[in-house]
Amino acid sequence: MESIVLLSHKSPDSVINVKVEFGEGAGKVPLDAIAERAKKYQPKPKITYKMIQEYVEKKNGFKVHTAYIAEVKRYLGLTMYDAPNVVEELKQPRKHPPKEKMEAITEALKYFEVI
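Residues numbered from 1 in each chain as written. Predicted model: local features only at pLDDT ≥ 70, side-chain atom pairs only at ≥ 80, totals over all residues. Heavy atoms only, no water.

Draft legend 1. Broad picture of helix 2 (residues 49-60). The end-to-end C-alpha separation of helix 2 is 16 Å, in line with the 16 Å expected for twelve residues at 1.5 Å each. Those residues of helix 2 that fall on the buried side of the exposure criterion are I52, Y55 and V56. For helix 2, the buried positions fall inside an angular range of 95 degrees around the axis, keeping them on one side. Exposed positions of helix 2 whose direction lies more than 90 degrees from the buried face are K50 and K58. For helix 2, the elements touching its buried residues are helix 3 (66-76) and helix 4 (99-111). Within two residues after helix 2, G61 carries a phi angle of roughly 85 degrees, on the positive side. (Helix = DSSP H or I, 4+ residues; strand = E, 2+ residues; numbered from the N terminus. Expected span 1.5 Å × (residues − 1). Buried < 20%, exposed > 50% of the residue type's maximum accessible area, 1.4 Å probe, protein only. Arc of directions from axis to C-beta. Contact = heavy atoms within 4.5 Å.)

Draft legend 2. Representation of the nonpolar core. Of all hydrophobic cores here, the largest spans twelve residues; its members are I52, Y55, V56, V64, Y68, I69, V72, A104, I105, A108, L109 and F112. For this core, the secondary-structure elements that each account for two or more residues are helix 2, helix 3 and helix 4. Beyond its immediate sequence surroundings of up to four residues, I52 is in contact with I47, I69, A108, L109 and F112. (Core = buried A, V, L, I, M, F, W, Y, C linked by side-chain atoms within 4.5 Å.)

Draft legend 3. The packing of helix 2 against helix 4, seen in detail. One can describe the packing of helix 2 onto helix 4 by two numbers: an axis separation of 9 Å at closest approach and a directional angle of 115 degrees. Put simply, helix 2 runs roughly perpendicular to helix 4. For helix 2 against helix 4, the interelement crossing comes out right-handed. Residues I52, Y55, V56, K59 and N60 of helix 2 form the contact with helix 4, whose participating residues are A104, I105, E107, A108, L109 and Y111. (Axes fitted to C-alpha atoms, helices over the stretch in contact; angles between N-to-C directions. Parallel < 35°, antiparallel > 145°, perpendicular 65-115°, else oblique. Left-handed = near helix turned anticlockwise from the far one by under 90°.)

Draft legend 4. Just the packing of helix 2 against helix 3, in detail. Following both chains from N to C, one finds helix 2 and helix 3 inclined at 100 degrees, their axes separated by 10 Å at the closest point. Relative to helix 3, the element helix 2 is oriented roughly perpendicular. The residues of helix 3 that touch helix 2, namely those facing Y49, I52 and Q53, are T66, I69, A70 and K73. In the contact of helix 2 with helix 3, the residues fall into four nonpolar, two polar and one charged. (Nonpolar A, V, L, I, M, F, W, Y, C, P; charged D, E, K, R; others polar.)

Draft legend 5. Up close: the environment of V15. Mapped onto the elements of the fold, V15 is located in the segment before helix 1 (31-40). Sequence separation between V15 and Y49 is 34 residues; the distance between their C-alpha atoms is 55 Å.

Draft legend 6. The arrangement of the pattern of salt bridges in detail. Taken as a whole, this structure holds three salt bridges when the rule is applied. Linking R74 and E71 is a salt bridge whose minimum nitrogen-to-oxygen distance equals 2.9 Å. Of this pair, R74 and E71 both sit in helix 3, three residues apart, roughly one helical turn. Taking the relative accessible area as the measure of exposure, R74 reaches 37% and is therefore partly exposed. (Salt bridge = Lys/Arg side-chain N within 4 Å of Asp/Glu carboxyl O.)

Keep in mind that these numbers describe shape and distance, not what the molecule does.
Here's what the structure looks like:
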């Protein structure tokens, strides 16, 4: 919704009229250029653990657990999602991923441009 509010009864000193024509040719703004500029400002898609798991399985042929992905993110100092049900004290110590899985997850994070 747009609204315009008149703050005073004073008439403007001058008026500027702008005419823009879209299309091909001299003096016209091409629509392709506008579409290209709009693509630059689109937000990046959110990368999920499931996407990382699928990439690792497709590329390396083995599955990785989400806990391993979280451990690699912690190791690399990446921001983590604030879980509403996080516990203060772990029942079991965190398991560190094997070297090959850690490398595969790091490669996936690079592929998705997280790092």
